[in-house]
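Coordinate analysis (summary)
Here's the letter readout for the chains.
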Amino acid sequence: MARSDITIRAEGLTKRFGNLVAVDDVSFTVRQGEVFGLLGPNGAGKSTTIRMLCGILKPTAGYAEIAGINVVKTPEQVKRTIGYMSQRFGLYDDLTVRENILFYARLYIGNWKKAAERANEVMEKLELHSYANTTAGQLSGGWRQRLALACAITHKPPVLFLDEPTAGVDPLSRRMFWDILYDMAAEGVTLFVTTHYMEEAERCDTIGFLWHGKLAALGSPEKIKKTSIPAGVYTIKGVSPAEVVNTLKGLPFVAETSQYGSEVHVITNIPEDVTHKIREQLMAMGLNQARVAPSVPSIEDVFMYISHEKANNIKQNE
Ligand SMILES: Nc1ncnc2c1ncn2[C@@H]1O[C@H](COP(=O)(O)OP(=O)(O)OP(=O)(O)O)[C@@H](O)[C@H]1O
Ligand SMILES: [Mg+2]
């Protein structure tokens, strides 16, 4: 890959807070126009990683580069290149939509006339015009999210960091928000997003999965699904999911059971096909109607598996 294709580069990025290693030796690259999704449980180190990449937080060790700028050495220089939508959005609730956008536009652009023009442009782009005179505090979750995005892009940054931009937002607004993100990526903007929504993770070009500060998986959703679970994943339908979970949970070859509506996903810890073993166990409990089939893991299965395996490894080493 040509070096110029790479917009974000992290090498051995590490952040310690006292004894806690919040981000532990993390390395990855993101190409221009790519949508990169950083996943991981609460406290995994996602926001800390973003803050280091944005030059807000100085890494304890390692290197970070945005569009050729060394963020560790010259964090100030990166400010004009990036937009940052923080996890708490950073809006002024008592200011109107237009005033919030103007505030950021003036901060970044300086020239008031140009800032006002750009504020109008951004409101147009994100369809915020009808709310221009509404205070931010009165907006619903979906519109607050749009306003936060508007504020983050007033200076047309080529790289955009979005920390849980869709948390608590309804599915339709989330979908519309992702459509906007895709349009931006198609225009060449590089997007770095954190999310707890697995269907959003599926829509990223590349996913990084953080676990206790370490990058436990990295690659396209397809690659991660194919390679992260060395054992098998099975779907069980046709019988009470609660009874299936009760029957299979705790069996030596079962790593994880999760209920999805009327079906159950089972992740094993051995590579051999255990379809018949699962069927036997269920039949022994009278669940004769169960339909058991090997299946392709979802990103959520991978998330569960990695968390389970890592937690087990820690237990074993204690
Ligand atoms: N300024 C700080 N001082 C001390 N510890 C911190 C600080 N910031 C973060 N941490 C700790 O670092 C770890 C990683 O936090 P971080 O906010 O990066 O996680 P996260 O993956 O963004 O979690 P969430 O999904 O809840 O947003 C946590 O244990 C957190 O308590
Ligand atoms: Mg966070």
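Quick caveat, the model's predicted, so the values are computed rather than measured.

Taken together, 14 residues sit near ligand 1, with Gly43, Lys46, Ser47, Thr48 and Gln87 positioned nearest. Contact distances for ligand 1 include 3.2 Å between an oxygen atom and a backbone N or O atom of Ala44. In the environment of ligand 1, an oxygen atom lies 2.7 Å from a nitrogen or oxygen atom belonging to the side chain of Lys46. Burial of ligand 1 by the protein chains amounts to 63% of its free accessible area of 640 Å². Looking at the shell around ligand 1, the elements with two or more residues in it are β2 (20–31) and α1 (46–53). Counting residues per element, the shell around ligand 1 draws most heavily on α1, at three residues. Residues that form the shell around ligand 1 fall into these classes: five nonpolar, seven polar and two charged.

Residues other than glycine predominantly adopt negative phi, and peptide bonds predominantly adopt the trans conformation. A positive phi angle, close to 50 degrees, is found at Lys156, a residue other than glycine. Tracing the backbone shows Lys156 in the loop between α4 (141–152) and β7 (159–163). Under the relative-accessibility criterion, Lys156 is labelled exposed at 56%. Unusually for a residue other than glycine, Glu164 sits at a positive phi of about 45 degrees. Counting through the fold element by element, Glu164 comes out in the loop between β7 and α5 (171–186).

Our next topic: the pairing of strand β9 (residues 206–211). Most of β9 is tucked away: six of the six residues are buried. Burial along β9 is two-sided: the face carrying Thr206, Gly208 and Leu210 and the face carrying Ile207, Phe209 and Trp211 are both buried. Pairing of strand β3 (residues 35–39) with β9, which is carried by four bridges, proceeds in the parallel orientation. For Gly37, the partnering residue across the bridge sits in β9 and is Ile207. Relative to strand β10 (residues 214–219), β9 runs antiparallel, the two being bridged by five bridges. The partner of Phe209 across the bridge, within β10, is Ala217. Counting the residues that bridge the hairpin from β9 to β10 gives two residues, and of these His212 lies at a positive phi of roughly 45 degrees.

Okay, the domain arrangement of the protein chain next. Domain annotation of the protein chain identifies domain 1 (3–225) and domain 2 (227–317). The interface of domain 1 with domain 2 comprises 15 residues on the first partner and 13 residues on the second. The junction of domain 1 with domain 2 conceals about 1,300 Å² of combined surface from both sides, 75% of it contributed by carbon and sulfur atoms. Of all residues in domain 1, Met198, Trp211 and Lys225 bury the most surface against domain 2, accounting for 48% of the area lost on that side. Linking domain 1 with domain 2 are zero salt bridges. There are three residue pairs in polar contact (both at pLDDT 80 or more) connecting domain 1 and domain 2.

What follows concerns the coordination of the magnesium ion (ligand 2). Taken together, the protein donors to the magnesium ion (ligand 2) comprise Ser47 (OG) and Gln87 (OE1), at separations of 2.0 to 2.3 Å. Of the two residues, Ser47 is situated in helix α1 and Gln87 in the loop between β6 (82–85) and α2 (97–109); the sequence distance between them amounts to 40 residues. Residue class for Ser47 comes out buried when judged on its relative accessible area of 13%. Using a relative accessible area of 31% as the deciding quantity, one classes Gln87 as partly exposed.

What counts, and at which threshold
Residues numbered from 1 in each chain as written. Chains lettered and ligands numbered in written order. Predicted model: local features only at pLDDT ≥ 70, side-chain atom pairs only at ≥ 80, totals over all residues. Heavy atoms only, no water. Near = heavy atom within 4 Å. Polar contact = N/O pair within 3.5 Å; in protein donor to acceptor, adjacent residues only side chain to side chain. Areas by Shrake-Rupley, 256 points an atom, 1.4 Å probe, with all protein chains shown as cover. Helix = DSSP H or I, 4+ residues; strand = E, 2+ residues; numbered from the N terminus. Nonpolar A, V, L, I, M, F, W, Y, C, P; charged D, E, K, R; others polar. Buried < 20%, exposed > 50% of the residue type's maximum accessible area, 1.4 Å probe, protein only. Pairing = 2+ DSSP bridges. Domains from an automatic or database assignment. Contact = heavy atoms within 4.5 Å. Buried area = accessible area lost by both parts, 1.4 Å probe. Salt bridge = Lys/Arg side-chain N within 4 Å of Asp/Glu carboxyl O. Donors = N, O, S within 2.8 Å, 3.2 Å for Na, K, Ca; no water.

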